[in-house]
Amino acid sequence: MSRRVRRKVAKKGNEKVVVPSFPEIEDEVSCSYSNKAVDWTSLPDDTVIQLFSCLNYRDRASLSSTCRTWRALGVSPCLWSSLDLRAHKCDAAMAASLASRCVNLQKLRFRGAESADAIIHLQDRNLREISGDYCRKITDATLSVIAARHELLESLQLGPDFCERISSDAIKAIAFCCPQLRKLLLSGIRDVSADAINALAKHCPNLFDIGFLDCLNVDEVALGNVVSVCFLSVAGTSNIKWEMIHLWHKLPNLIGLDVSRTNIPPTAVSGLLSSCHRLKVLCALNCSVLEADTTFNANMCKGKLLISLFTDIFKGLASLFAVTTNSRKGKNVFLDWRNSKNKDKNFDDIMTWLEWILSHTLLRTAESNPQGLDDFWLKQGAPLLLILMQSSQEDVQERAATGLATFVVIDDENASIDCGRAEAVMRDGGIRLLLDLARSWREGLQSEAAKAIANLSVNANVAKAVAEEGGINVLAGLARSMNRLVAEEAAGGLWNLSVGEEHKGSIAEAGGVKALVDLIFKWSSGGDGVLERAAGALANLAADDKCSMEVALAGGVHALVMLARNCKFEGVQEQAARALANLAAHGDSNTNNAAVGREAGALEALVQLTRSPHEGVRCLLYRQEAAGALWNLSFDDRNREAIAAAGGVEALVALAQACSNASPGLQERAAGALWGLSVSEANSIAIGREGGVAPLIALARSEAEDVHETAAGALWNLAFNPGNALRIVEEGGVPALVHLCSSSVSKMARFMAALALAYMFDGRMDEFGLMGTSTESTSKSVSLDGARRMALKHIEAFVLTFSDQQTFAIAAASSAPASLTQLTERARIPEAGHLRCSGAEIGRFVTMLRNPSSTLKTCAAFALLQFTIPGGRHAMHHASLMQNAGATRVVRAAAAAATAPLEAKIFARIVLRNLEHHQMEPSIGRLSNLA
């Protein structure tokens, strides 16, 4: 079984960075092959610095610790002009340890309030750019201190999540402390007051890019006072008084305006386009009021570009900037701009701003997933995201990749994506672009690219393309990352790819199995997301026989048991239990089943998972998977008894009692686990005493075919014991089994229901049925007689469905093997060949051949036929049991009995032929040996 889980993204995008090749390094590598020993510390300093520049910060620090020379080179200012702390828990101690390297730091990215509090310890007085996300808990005090410590700051970005605890007071502090500020982008501020905006206008004369995104209130009048602004975004802001924005018309430098995701009316759009003389671009994507006006003329102002859901964005860009860029028509305008040799600063500023606001708006739109945008996404949205992934701006690349990961998702919980959107990305070369980003040394890009690949790979065609482009090797490599976020998304990609049978071997060959197992040990605490994805991928891989052995060899059994025992996150518990179930499902081909049982605490942990008192979908899922694991493990004799010793009987009976209204999957596994345990007669008796009969009868009444089979199998095993057989009668089990025997879609369920009824009424239950007072005995006798007649009637009807009177009569008169072969195929129940019976069970059917009831004789012959058909998994085992007990003589007598039903004689003849096929010679023995 395989499961795919897709999450809506909550982080940011990816980038494309081509790692440079350095001839000096290549020469050294080739030299190392010829000379064997190379002193890497003798490399030229500039080569070492170039090598360091291709590494992430963690690897730079590791290499710097190898020798004095590299330690000195590792702190070179050119290697520490920018710093991305988002993947790290940055506290004051860590910041202090980095301080000596950050003297010339120019650009800093961080995540969360704790990192924000710590960055003041970096001593980076020359810092020019700060970008932070997950800023909900950052306070005015923290932001004010950051501003005060970095008076040279030129760019400050906080978002895209809401800055709920930041007020206009912090904005005023920024204005007072950072006079060189050029760009200010803040998300989710509750109120941006006139005083704050006027402070920016007064103290930041170079402020040309302002964004108050997804804010609740922004003073529109005050924005008209920021005369330096060239680019303004109020995307997603709620309470704008559009009748007041006429003051924006007077902004002398306003070139680009973004009002996306607002309720701007058509009249306001018309006024801005006609009255803002320098305005070149107005972005109004996903503006419902504007889009509802079908009479709006989008081409009313020539020389100005309106970007909306109903305009051709690429055509508009090409026409607006054709003179500047000599752009061809279509989607090449961004590529032409990036490759243009004749640079125009104003045009570059516009395109850079457009990349930023488009990536932001497309991501926000994908997250909200409004209805009716399929045509836009296929024709413009997806191509835009692919183009933005090739931007030179790292944050744009990240958001674009995150947008791709998000816009394909239809339903997170049910792991469903829009196949049309996913395949559109694939057709436009998106897989190769994402893999290029995933190969970048920048971990933010690696994480978001891996996330997009993971989500897209839910589609089988995309998964195939990912594999063909070398994506499995890329993801296996990223799964080894020391960055938890990167490893988590890579594991998610391997999880989805491992759904396809054709990819499992490739994942193992790429070292993916070991990487996934190592992830569990590496992030055993504090990494629920990475643990769930790693365990989910291992669960899929363990369903393959060869890969399951790889999982065991890599230490996967220990890792998964550790998760089942110690992790409290329901998603991790579910996947760990599923992985253990799949590992234990190959009992006939490898030793994993026994290995799981031998692992300390494994069985106890799985039993405990089935006992969870919590409600909810995820809880039911991990109880289901735990029961499935116990079911598979119970096929091993030692495991079966160990499960019972760990309280498995009581736990599984309680689970069966509680799941009458649960999903068919949980019902099937609960009944299946009891079926597996009941193979042991001691367990069977314990299940009956614990009250397991009634819930199994209830499950036998399920409408699901798979539940029919497991419930019937469990009741068949229980009915072997006469005490349990009587309980089944008393709990109303005969009508339930009769219904299964006559009406179930599953032949196996009908077969096992018939066998259970045969056990119950072959005479061994009579002594139990007649115990008690004379009155009670008479009542029970009458009750049992009625139940017996009902049972035998339906057993006979079931068996006769596999016979044909005319064909059987011809076969009885002929000794030709061909006729028996034809009848064997007619009577065969293929799945019955997987059943394994004990000597006692085979002996009971052999004894039943002598039963006075012609129906039971026929049923017994029919059962032995199924158990000995050549090709059955356990046919040789059953034939050997029969030979050792001298059963051939009894079967031969049944085949020749004059008074036996025709069907019983023909089935007995087929059994004899089966035994001959297995080269079994008749031997003289006593049937009592089988009892």
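Residues numbered from 1 in each chain as written. Predicted model: local features only at pLDDT ≥ 70, side-chain atom pairs only at ≥ 80, totals over all residues. Heavy atoms only, no water.

A.B. asks: I keep staring at the overall build of the chain and nothing clicks. Help me out?
C.D. replies: When you go through the chain residue by residue, the secondary structure sums to 51 helices and 14 strands. With the C-alpha coordinates aligned to their principal axes, the bounding extent of the chain is approximately 110 × 75 × 55 Å. Here the chain, with 931 residues, has 58% of them falling under the buried criterion. Here the contacts in the chain between residues at least 6 apart in sequence split such that 71% fall between residues at least 24 apart. Per element, the accessible surface of the chain, about 37100 Å² overall, is 51% carbon and sulfur. (Helix = DSSP H or I, 4+ residues; strand = E, 2+ residues; numbered from the N terminus. Buried < 20%, exposed > 50% of the residue type's maximum accessible area, 1.4 Å probe, protein only. Contact = heavy atoms within 4.5 Å. Areas by Shrake-Rupley, 256 points an atom, 1.4 Å probe, with all protein chains shown as cover.)

A.B. asks: Please explain the nonpolar core as it appears in this structure.
C.D. replies: Side chains that are nonpolar tend, in soluble globular proteins, to be buried together. Of all hydrophobic cores here, the largest spans 232 residues; its most connected members are Leu354, Leu358, Trp716, Phe751, Met760, Phe845 and Phe867. Here this core gets 11 residues from one element, more than from any other, and that element is helix H42 (residues 747-760). (Core = buried A, V, L, I, M, F, W, Y, C linked by side-chain atoms within 4.5 Å.)

A.B. asks: Please clarify how the sheet that holds strand S11 (residues 281-283) should be interpreted in this entry.
C.D. replies: The sheet built from 10 strands is open, its strands ordered S1-S2-S3-S4-S5-S7-S9-S10-S11-S12 with parallel pairing. Edge strands, defined here as strands with exactly one partner in the open sheet, are strand S1 (82-84) and strand S12 (305-307). On average, each strand axis in the sheet is inclined to that of its neighbour by 5 degrees, with strand direction left out of account. (Pairing = 2+ DSSP bridges. Axes fitted to C-alpha atoms, helices over the stretch in contact; angles between N-to-C directions.)

A.B. asks: It is not clear to me how the packing of aromatic side chains should be interpreted in this structure. Could you clarify?
C.D. replies: To describe a pair of aromatic rings, one takes the distance between the centres and the angle between the planes. Summed over the entire model, instances satisfying the criterion amount to 17 aromatic pairs. Relative to Phe862, the ring of Phe802 has its centre 4.9 Å away and its plane inclined at 45 degrees; by these criteria the two rings are tilted. Here Phe862 lies in helix H48 (residues 854-868) and Phe802 lies in the loop between helix H44 (774-800) and helix H45 (805-813), a separation of 60 residues in the sequence. Residue classification places Phe802 among the buried residues on the basis of a relative accessible area of 4%. Through pairs of rings, three or more aromatic residues link up here, namely Trp716, Phe720, Phe751, Tyr759, Phe798, Phe802, Phe845, Phe862, Phe867 and Phe907. Here Arg399 stacks its cationic end above the ring of Trp356, 4.4 Å away from the centre of that ring. Over the ring of Phe720 we find Arg844; its NZ or CZ atom is 4.9 Å from the centre of that ring. (Phe/Tyr/Trp six-rings, centres within 6.5 Å; stacked < 30°, edge-to-face > 60°. Lys NZ or Arg CZ within 6 Å of the ring centre and 35° of its normal.)

A.B. asks: How should I be thinking about the layout of surface pockets in this particular structure?
C.D. replies: Any space left empty among the atoms is revealed by the rolling of a water-sized probe across them. Roughly 570 Å³ of volume is contained in the second largest pocket. Lining the second largest pocket are 26 residues, and of these Glu129, Gln157, Lys183, Thr352 and Gln393 lie nearest its centre. Tallying contributions element by element places helix H16 (residues 345-368) first for the lining of the second largest pocket, with 6 residues. Tallied by class, the residues present in the lining of the second largest pocket amount to 8 nonpolar, 7 polar and 11 charged. (1 Å grid on protein atoms, 1.4 Å probe; cavity = no way out; pocket = protein on both sides within 12 Å on 5 of 7 lines; lining within 4 Å. Points joined across faces, edges and corners; volume = space filled by probe spheres on them. Nonpolar A, V, L, I, M, F, W, Y, C, P; charged D, E, K, R; others polar.)

A.B. asks: I keep staring at unusual backbone geometry and nothing clicks. Help me out?
C.D. replies: A cis amide bond links Gly159 with the next residue in sequence, Pro160, at an omega value of 15 degrees. Relative to the helices and strands, Pro160 is located in the loop between strand S4 (155-158) and helix H8 (168-177). In the Ramachandran plot, Arg261 falls in the positive-phi region, its phi being about 60 degrees despite a non-glycine side chain. With relative accessibility at 18%, the residue Arg261 sits in the buried group. Although it is not a glycine, Asn369 adopts a positive phi angle of roughly 50 degrees. On the secondary structure map, Asn369 appears in the loop between H16 and helix H17 (374-388). In this structure Asn369 comes out as partly exposed when scored by relative accessible area, which is 22%.

A.B. asks: When you look at the pairing of S4 in this model, what are you seeing that I'm missing?
C.D. replies: Remember that side chains alternate between the two faces of the sheet whenever the strand is regular. Judged by which residues are buried, S4 turns out to be covered on both faces: Ser155 and Gln157 on one side and Leu156 and Leu158 on the other are all buried. Alignment of strand S3 (residues 129-133) against S4, held across 4 bridges, turns out to be parallel. Residue pairing in the sheet places Ser131 in a bridge with Gln157 of S4. With respect to chirality, the unit in which S3 leads through helix H7 (residues 140-149) into the neighbouring parallel S4 is right-handed. (Right-handed = clockwise from strand over helix to strand, strands pointing away.)

A.B. asks: I'm lost on the side chain of Ser702 in this one. Help?
C.D. replies: As for its placement among the helices and strands, Ser702 is situated in the loop between helix H38 (693-700) and helix H39 (705-719). Using a relative accessible area of 15% as the deciding quantity, one classes Ser702 as buried. When near neighbours in sequence (up to four residues on either side) are disregarded, Ser702 contacts Gln667, Val707 and His708.

A.B. asks: Sorry if this is basic, but what is going on with the pairing of strand S2 (residues 107-111) here?
C.D. replies: Burial analysis of S2 places 4 of its 5 residues in the buried class, which makes it a mostly covered element. In this structure, S1 lies alongside S2, joined through 3 bridges in parallel fashion. Note on S2: the bridge partner recorded for Ser82 is Lys107. Read from S1 through helix H5 (residues 92-98) to S2, the crossover connection turns out right-handed.

A.B. asks: Any chance you could explain helix H18 (residues 394-407) here in plain terms?
C.D. replies: In an α-helix, one turn spans 3.6 residues; hence positions three or four apart end up facing the same way. The end-to-end C-alpha separation of H18 is 20 Å, in line with the 20 Å expected for 14 residues at 1.5 Å each. Along H18, 14 of the 14 residues are buried, which leaves the element largely enclosed by surrounding structure. (Expected span 1.5 Å × (residues − 1).)

A.B. asks: How do you make sense of the packing of H48 against helix H49 (residues 875-884) when you look at a structure like this?
C.D. replies: Any two packed helices are characterised by how steeply their axes cross, that is the angle between the axes, and by the distance between the axes. One can describe the packing of H48 onto H49 by two numbers: an axis separation of 7 Å at closest approach and a directional angle of 125 degrees. Classified by the interaxial angle, the pair formed by H48 and H49 is oblique. On the side of H48, the interface is formed by Leu864, Phe867 and Thr868, while H49 contributes Ala875, His878, Ala879 and Met882. Taken together, the residues that form the contact of H48 with H49 break down as 5 nonpolar, 2 polar and no charged. (Parallel < 35°, antiparallel > 145°, perpendicular 65-115°, else oblique.)

A.B. asks: Looking at this model, I keep getting lost on the environment of Leu699. Mind explaining?
C.D. replies: The topology assignment puts Leu699 in helix H38. Separated by 12 residues in sequence, Leu699 and Ala711 place their C-alpha atoms 6.1 Å apart. With residues up to four places along the chain from it excluded, the contact list for Leu699 reads Ala656, Cys659, Gln667, Ala671, Val707 and Ala711.

A.B. asks: How should the environment of Tyr134 be read in this particular structure?
C.D. replies: Its place among the elements puts Tyr134 in the loop between S3 and H7. Judged by its relative accessible area of 35%, Tyr134 is partly exposed. When the C-alpha positions of Tyr134 and Asp161 are compared, they lie 5.9 Å apart, and in sequence the two are 27 residues distant.

A.B. asks: Would you take a moment to explain H39 for this structure?
C.D. replies: In this model, H39 (15 residues) spans 21 Å end to end at C-alpha, consistent with the 21 Å of a helix rising 1.5 Å per residue. Summarising burial for H39: 12 of the 15 residues are buried, a large majority. Looking at H39, one finds that the buried residues are Val707, His708, Thr710, Ala711, Ala712, Gly713, Ala714, Leu715, Trp716, Asn717, Leu718 and Ala719.

A.B. asks: Even after reading the chapter, I still don't get the environment of Phe334, so can you show me in this structure?
C.D. replies: Relative to the helices and strands, Phe334 resides in helix H15 (residues 333-339). Residue classification places Phe334 among the buried residues on the basis of a relative accessible area of 0%. With 53 residues separating them along the chain, Phe334 and Ile387 place their C-alpha atoms 7.2 Å apart.

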